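# Structural description and commentary
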Amino acid sequence: MAIWLGILLDGIPESLVIGASLSPAGISLSLIVGLFLANFPEALSSSRGMLEENFSRKRILLMWTSIMLLTGLGAGLGKLMMDLSDPTFFPFMEGLAAGAMLTMIAQTMLPEAYIKGGSIVGFCTLMGFFCAIFTKAF
């Protein structure tokens, strides 16, 4: 449940950045890949934990649907904020999203992953960063 709440709090600045980056130049592929690589394992892990805690599949699906809808609204708000604000605001918002993502990963995902997966977790984390960098480079 803590991971779901963390993803909700983490998703707010991320969705604002996604919305703000909807410009004529287009959205950054590396941003989307980075968010996917960070959030998908969090959601899978959290869903599994919820099932083990006897949450119904319907409740779990409703919880993830609520995050999807809220982050969709956040993306719309991010686009609106970017259209109405100074262009120097975007790096601040992007930094806030990156910090929220890093906090979520460091506080909840990595400790649990290390306990359950062992030392390979560090290598897998590095490969995730390489994937994000690779998409930015090409």
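Fair warning: this is a prediction, and the values are worked out from it, not measured in the lab.

### A look at the environment of Lys-136
Summarising the element assignment, Lys-136 is placed in helix H5 (residues 120-137). Given a relative accessible area of 62%, Lys-136 falls into the exposed group. For the pair Lys-136 and Leu-31, spaced 105 residues apart in the sequence, the C-alpha separation amounts to 8.3 Å. In this structure, Lys-136 is in contact with Ser-28 and Ser-30, ignoring residues within four places of it in sequence.

### Let's talk about the side chain of Ser-47
With respect to the secondary-structure elements, Ser-47 resides in helix H2 (residues 29-52). Apart from the residues within four sequence positions on either side, Ser-47 is in contact with Ile-60 and Trp-64.

### Observations regarding the pattern of salt bridges
The tally for this structure, following the rule as stated, stands at 3 salt bridges. Salt-bridge contacts for Glu-52 lead to Arg-48; the nearest nitrogen and oxygen are separated by 3.5 Å. Highlighted residues: Glu-52 and Arg-48, both in helix H2, separated by 4 residues, approximately one helical turn. A salt bridge links Asp-83 to Lys-79; the nearest nitrogen and oxygen atoms lie 3.2 Å apart. Taken together, the positions of Asp-83 and Lys-79, both in helix H3 (residues 57-84) and 4 residues apart, correspond to about one turn of that helix.

Definitions and cut-offs
Residues numbered from 1 in each chain as written. Predicted model: local features only at pLDDT ≥ 70, side-chain atom pairs only at ≥ 80, totals over all residues. Heavy atoms only, no water. Helix = DSSP H or I, 4+ residues; strand = E, 2+ residues; numbered from the N terminus. Buried < 20%, exposed > 50% of the residue type's maximum accessible area, 1.4 Å probe, protein only. Contact = heavy atoms within 4.5 Å. Salt bridge = Lys/Arg side-chain N within 4 Å of Asp/Glu carboxyl O.

So, to be careful, I would describe these as geometric facts and stop short of saying anything about function.
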